[in-house]
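So you can see what is in the structure, the chains are spelled out below.
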Amino acid sequence: MKKRTRLLSILLLTVLLLSACGGRAAVTPAEKPEKEPVESHIDEIKQSPENTQLPTSEPEPEPEPEPEPEPEPEPVPEPEPAKPAQSTQPAQPTQPTQPAGSTSNAPKKRGSYSYYVKVNVQANTVTVYTADGDGYYTVPVRAMVCSTGTATPTSGTYSLPGNRWEWKGLFGDVFGQYATHITGNILFHSVPYTRKGDKNSLEYWEFDKLGTAASMGCIRMQVVDTKWIYDNMFSIQAVEFYKDSDPGPLGKPSAPKISGNEQCRGWDPTDPDGSNPWNNQPTTLVVDDFVGMTQDVAVERAKGAGLLPETVSAAGDMPKGTVIGQSLAPGTTVDFGSTIVLTVSSGQPPETEDEQPDAAEPEPSETDPEGEDEAPAAEETPETPATPEEPVQPEEPAQP
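All figures in this text were calculated on a predicted structure; none of them were measured in a lab.

Visitor: Could you clarify how one ought to interpret unusual backbone geometry in this entry?
Guide: Negative phi is the rule for most residues except glycine; trans is the rule for most peptide bonds. We note that Asn124 has phi near 55°; this positive angle belongs to a residue other than glycine. The phi dihedral of Asp173 is positive, around 55°, even though this residue is not glycine. Relative to the helices and strands, Asp173 is located in the loop between β5 (164-170) and β6 (174-183). On the accessibility criterion, Asp173 (70% relative accessible area) is exposed.

Visitor: Is there a simple way to think about the pattern of salt bridges in this case?
Guide: If charged atoms from side chains of opposite charge come close, those side chains can pair. If you walk through the whole model with that rule in mind, you get seven salt bridges. The residue Glu206 makes a salt bridge to Arg220 at a minimum N-O spacing of 2.9 Å. Of this pair, Glu206 sits in helix α5 (residues 204-207) while Arg220 sits in strand β8 (residues 219-221), and the two are 14 residues apart along the sequence. Accessibility classification places Glu206 together with Arg220 in one group, the buried group. One continuous salt-bridge network, built from bridges that share partners, spans Lys199, Asp271 and Asp273.

Visitor: Would you mind going over the pairing of strand β7 (residues 186-190) with me for this structure?
Guide: Remember that side chains alternate between the two faces of the sheet whenever the strand is regular. Burial within β7 is extensive, with five of its five residues counted as buried. Sheet analysis places β6 next to β7, joined by three bridges and oriented antiparallel. From the neighbouring strand, Thr180 faces β7, where its bridge partner is Phe188. Linking two consecutive strands that pair antiparallel, namely β6 and β7, is a turn of two residues; a positive phi of about 55° is found at Gly184 within it. The pairing of β7 with β8 spans three bridges and is classified as parallel. Paired with His189 across the strands is Arg220, a residue of β8.

Visitor: Looking at this structure, I do not really get the sheet that holds strand β11 (residues 308-314). What am I missing?
Guide: The strands that make up a sheet are held in pairs by hydrogen bonds between backbone atoms, and each pair lies either parallel or antiparallel. The strand order across the open sheet built from three strands is β11-β14-β12, with neighbouring strands paired in mixed fashion. With one partner strand each, in any of the chains shown, β11 and β12 (323-326) form the two edges of the open sheet. Neighbour-to-neighbour, the strand axes of this sheet turn through a mean angle of 30°, independent of strand direction. In the packing of helix α7 (residues 295-304) onto the sheet, contacts are made with β11, β12 and β14 (339-345), and the angle to β11 comes to roughly 155°.

Visitor: Please explain α7 as it appears in this structure.
Guide: Given 3.6 residues to a turn, an α-helix orients residues that are three or four positions apart in the same direction. Residues of α7 that are buried include every one of Ala298, Val299 and Ala302, and no others. Buried residues in α7, looked at end-on, bunch into an arc of 100°, giving them a common side. The exposed residues of α7 that point more than 90 degrees off its buried face are Asp296 and Gly304. Of the surrounding secondary structure, the elements contacted by the buried residues of α7 are β11, β12 and β14. Note on α7: the residue one or two positions beyond its end, Gly306, has a positive phi of about 100°.

Visitor: Which parts of the structure should I look at to understand the nonpolar core?
Guide: One broad rule of soluble globular proteins: the nonpolar side chains tend to lie buried together. Grouped together as the largest cluster of nonpolar side chains are 19 residues, with contacts concentrated most on Phe188, Ile219 and Val239. Listed by contribution, the elements that provide at least two residues to this core are β1 (115-120), β2 (125-131), β3 (137-147), β7, β8, α6 (223-231) and β9 (236-242). Apart from residues no more than four positions distant in its own chain, Val239 is found in contact with Val117, Val119, Gly156, Thr157, Tyr158, Leu160, Ile182 and Phe188.

Visitor: Whenever I open this one, the sheet that holds β7 confuses me. Can you help?
Guide: Within the open sheet, the nine strands sit side by side as β4-β9-β1-β2-β3-β8-β7-β6-β5. Their pairing is mixed. If you trace the sheet from one side to the other, it starts and ends with β4 (156-158) and β5, each paired once. This sheet shows a mean twist of 35° between the axes of neighbouring strands, independent of strand direction. Across the face of the sheet, α6 comes into contact with β1, β2, β3, β5, β6, β7, β8 and β9 while running at roughly 45° to β6.

Visitor: I keep staring at the pairing of β14 and nothing clicks. Help me out?
Guide: Across seven bridges, the pairing between β11 and β14 is parallel. Paired with Ala314 across the two strands is Ser345, which belongs to β14. Where β12 and β14 come together, three bridges link them in antiparallel fashion. Bridge pairing links Val323 to Val344 in β14.

Visitor: Can you help me understand the confidence of the model for the protein chain in this one?
Guide: If pLDDT is low for a region, its predicted coordinates should not be looked at in detail. Across the protein chain, the average pLDDT comes to 76, with 64% of residues at 70 or higher. Between residues 23-33, whose pLDDT stays under 50, and residues either more than four places distant or in other chains, the model counts 11 contacts. Note on residues 364-400: pLDDT under 50 across the span, and seven contacts to partners over four residues away in sequence or across chains.

Visitor: Looking at this model, I keep getting lost on the side chain of His181. Mind explaining?
Guide: When you line up the elements, His181 lands in strand β6. Polar side-chain contacts of His181 include one of 2.8 Å to the backbone oxygen of Gly184. Residue contacts for His181: discarding those within four places in its chain leaves Leu160, Pro161, Asn163, Trp165, Ile186 and Leu187.

Visitor: Can you walk me through the packing of aromatic side chains in this structure?
Guide: Any pair of aromatic rings gets described here by the distance separating the centres and the angle formed by the planes. Per the counting criterion, the structure on display carries six aromatic pairs. Both rings, one in Tyr115 and one in Trp228, keep their centres 5.0 Å apart while their planes meet at 70°; by these two values the pair is edge-to-face. A residue pair is termed long-range when its members are at least 10 positions apart, and Tyr115 in strand β1 and Trp228 in helix α6 qualify at 113 residues. With 5.2 Å between their ring centres and 65° between their planes, Tyr178 and Tyr230 make a pair best called edge-to-face. Residue Tyr178 is located in strand β6, and its partner Tyr230 is located in helix α6; the two are separated by 52 residues in the primary sequence. Judged by its relative accessible area of 17%, Tyr230 falls in the buried class. Seen from the ring of Tyr230, Arg164 lies directly overhead, with NZ or CZ sitting 4.8 Å from the centre. Lys168 extends its terminal NZ or CZ atom over the ring of Trp165, reaching a point 4.3 Å from the ring centre.

Basis of the calculations
- Residues numbered from 1 in each chain as written.
- Predicted model: local features only at pLDDT ≥ 70, side-chain atom pairs only at ≥ 80, totals over all residues.
- Heavy atoms only, no water.
- Helix = DSSP H or I, 4+ residues; strand = E, 2+ residues; numbered from the N terminus.
- Buried < 20%, exposed > 50% of the residue type's maximum accessible area, 1.4 Å probe, protein only.
- Salt bridge = Lys/Arg side-chain N within 4 Å of Asp/Glu carboxyl O.
- Pairing = 2+ DSSP bridges.
- Axes fitted to C-alpha atoms, helices over the stretch in contact; angles between N-to-C directions.
- Contact = heavy atoms within 4.5 Å.
- Arc of directions from axis to C-beta.
- Core = buried A, V, L, I, M, F, W, Y, C linked by side-chain atoms within 4.5 Å.
- pLDDT = per-residue confidence, 0-100.
- Polar contact = N/O pair within 3.5 Å; in protein donor to acceptor, adjacent residues only side chain to side chain.
- Phe/Tyr/Trp six-rings, centres within 6.5 Å; stacked < 30°, edge-to-face > 60°.
- Lys NZ or Arg CZ within 6 Å of the ring centre and 35° of its normal.

Following this line, the structure appears as structure tokens:
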């Protein structure tokens, strides 16, 4: 209907226009509007402005991409890296929270524990630490000599499980006194005894090895030290293993050598038991004179006196096996268990004493040809006619 009304309105307009120009012109244009293509052409004209308006409005927002540079806040990340740099700086002051003079890996005290134990597997020492004013275990209070072994942990920190025994069976049908469990089959314990409960059955030859690697893996110590661990087990926060050539801040204590004292060597000299025979023994001895004794006799007397004898062989005029020297002078006062080196004759007195002057005589003969004035000196020594033959010998090896 709308189209028809539009067509009628158009026809009326054309008729009026033609009527203004003449009747014939009005008739001919009246026929033309009957064609539909005109209608479609008019429709297209109407639609086209609608389309032209849309593009005119759309290109106008094109400047909107200009705000795209708004992502220029990219310079903002530049101050951002500066901020973390500032955040790292305040993190540094946290380090001085540890006490001055403490190591960076000093453990922190926890709860009511009083001690922290470190076992140096390389130096065979045990050092006990207590906490400083800031709560770090940096104060050494006790050092102990020990013997570790191939199965001893070389690193790691362990909390004590809480197991301890006054006597504990060990590998090899031996027993340890005051044993404290650390981890697995690793224990603190004394040097082994051959009989459980018998303090006079100590393996004294193993006691003399304290300070060296001698165990299967446990930490052997003197009884006075294993008893301290045993008594303070619940006050020990942890046991740490490590390897270092430096024995520790308190150094490496020494253990006495007891093999030489046949009367007392069955006991650990540090055992606090009142029956310990070491309590009634002097701690020092006077060195005897062993020169002139046979090796066997000197060694036995040195052991009986409380010394640890070692022998070395040397050439001498005395019969073979005779002591011709000693490292500790007779009459010297030394500790029980001190080592004495006995020099024993090999029974081979020097035989080259007479040959040495003969070998020196050819030297002037070599100088004789250098000057005619020395020739008469050579005439004074015709006493040894065999000597001219000897200078010929050194020439023979020179021939090949």
